[in-house]
Amino acid sequence: MTTSPESTSSTGPAGVDSLRDPVLEAVSAGVAVFDSGRRLRRFNAAFADLFGLDPAWLAGGPDFLNLIERLRERRMLPEEADIRAFRTRQLALFQNLAAPRSELLHLPDGRTLRHTAHRHPAGGVILVYEDQTRRYALEREHNAQNAVRQATIDSLQDGIAAFGSDGRLKLANLAFAGLWGFSRDELAQEPHIAHVAALLNDRLTDDPDHRPHSERLTGAVLERRQQRLRPVSYTHLRAHETK
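All of the points below concern the structure found in this document. Position labels on residues start from 1 in each chain and follow its written sequence. Only residues with pLDDT of 70 or above have their local features reported here, since the model is predicted, and side-chain atom pairs are shown and tallied only from 80 upward, although totals for entire chains, interfaces and linings are computed over all residues. The basis for every side-chain value is the complete set of heavy atoms in the structure, and neither hydrogens nor water enter the calculation.

For helix α5 (residues 64-73), every residue scored as buried is listed here: Phe64, Leu67, Ile68 and Leu71. Projected down its long axis, α5 carries its buried residues within an arc of 100 degrees, all on one side. Between two residues, a contact is recorded if the distance between any of their heavy atoms is within 4.5 Å. Only DSSP runs of H or I with at least four residues qualify as helices, and only runs of E with at least two residues qualify as strands; both kinds are numbered from the N terminus onward. Residues of α5 that are buried in the fold lie against β1 (30-34), α3 (45-51), α4 (55-59), α6 (83-91) and β5 (125-131). N or O atoms closer than or at 3.5 Å make up a polar contact, with two conditions inside protein: a donor-capable atom paired with an acceptor-capable one, and, for residues adjacent in sequence, both atoms drawn from side chains. If you check the start of α5, you find a side-chain oxygen 2.9 Å away from the backbone N of Leu65, and it comes from Asp63. Directly beyond the C-terminal end of α5, a positive phi value near 55 degrees is found at Arg75. Three exposure classes are used, based on accessible area relative to the maximum for each residue type with a 1.4 Å probe and protein chains only: buried under 20%, partly exposed in between, and exposed over 50%. The directions considered for the arc run from the helix axis to the C-beta atoms.

The subject of this paragraph is the environment of Val23. Looking at the secondary structure, you find Val23 in helix α2 (residues 22-25). A C-alpha to C-alpha distance of 9.0 Å links Val23 and Asn44, two positions 21 residues apart in sequence.

Our focus in this paragraph is the pairing of strand β3 (residues 101-106). Walk down a regular strand and you will see the side chains alternate between the two sheet faces. Between any two strands, at least two bridges found by DSSP are needed for them to pair. Bridge count for β3 against strand β4 (residues 112-119) is six bridges, and the pairing is antiparallel. Bridging across to β4, Glu103 finds its partner in His115. Once β3 ends, the chain turns through five residues before running back antiparallel as β4, passing Gly110 with a positive phi of about 95 degrees.

Moving on, we come to the packing of α5 against α6. Helices that pack against each other are described as a pair by the angle of their axes relative to one another and the distance between those axes. Axis lines are fitted to C-alpha atoms, over the contacting stretch for helices. Their N-to-C directions set the angle, which ranges from 0 to 180 degrees. In the contact formed by α5 and α6, the axes pass within 11 Å of each other and the chain directions differ by 135 degrees. Taken together, α5 and α6 sit at an angle that is classed as oblique. Relative to α6, the crossing made by α5 is right-handed. Contacts between α5 and α6 involve Phe64, Leu65, Ile68, Glu69 and Arg72 on the former and, on the latter, Ile83, Phe86, Arg87, Gln90 and Leu91. Nonpolar residues are Ala, Val, Leu, Ile, Met, Phe, Trp, Tyr, Cys and Pro. Charged residues are Asp, Glu, Lys and Arg, and all others, Gly as well, are polar. In terms of residue class, the contact of α5 with α6 is made up of six nonpolar, one polar and three charged. When describing relative orientation, an angle under 35 degrees is termed roughly parallel and one over 145 degrees roughly antiparallel, while 65 to 115 degrees is termed roughly perpendicular and anything else oblique. Crossing handedness is read from the near helix: turned anticlockwise from the far helix by less than a right angle, it gives a left-handed crossing, and turned clockwise, a right-handed one.

Here is the structure:
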């Protein structure tokens with residue numbers, strides 16, 4: 001049975017426990033439930049802690065706009081040049097929310113929160129706030145490391161390509177792209193070793209081995225064998241004009 005968000009009321013400090021839901025308390029994300037009248041009816045400790053809000057004040061069931069204003073005063077919302085337009089967008093959640101709506105909030109204190117709004121089955125809105133700061137910090141660090149690594153191998157004259165255990169290209173430099181006629185966009189799609197090896201095999205001639213280069217190269221990657229292929233000199237390459 002669905003419980004209406006309006007079914008719980010509270011007055012004074014005693015209302016803190018009445019607005020706390022054991023199910024919500026088990027959730028690590030901050031959760032706030034508003035009724036169709038835009039008043040707060042449920043919240044968990046994570047929500048109060050995330051924004052540094054007094055649980056007793058939240059237990060009073062503040063109006064959504066009052067909560068927004070409190071957060072803005074405490075600089076717990078992104079800096080907005082047009083606060084009126086921001087409030088209008090937030091109020092629209094109570095009117096036109098056919099499907100969950102999610103966005104990232106970059107707070108002035110450096111934190112990044114994922115804010116997701118869900119329509120409550122009995123009317124109102126459920127707001128979920130997840131702290132994504134560490135995740136995005138790690139992602140930025142990872143991207144920075146990749147950029148340095150890419151710049152390093154791009155400075156080399158030899159063509160370099162690295163394939164993952166799934167057989168797809170994970171890293172290649174400009175020399176490799178120019179040698180085999182790949183564009184940056186094609187490399188970004190992580191082509192499979194079979195495709196790359198077929199292209200390599202097509203451009204190699206006078207191969208003394210009975211087994212084609214493409215089969216040996218594909219097998220070496222997919223079977224994870226520590227196999228060294230015979231170095232190929234430019235005399236084994238067909239004339240290739242780079243555009």
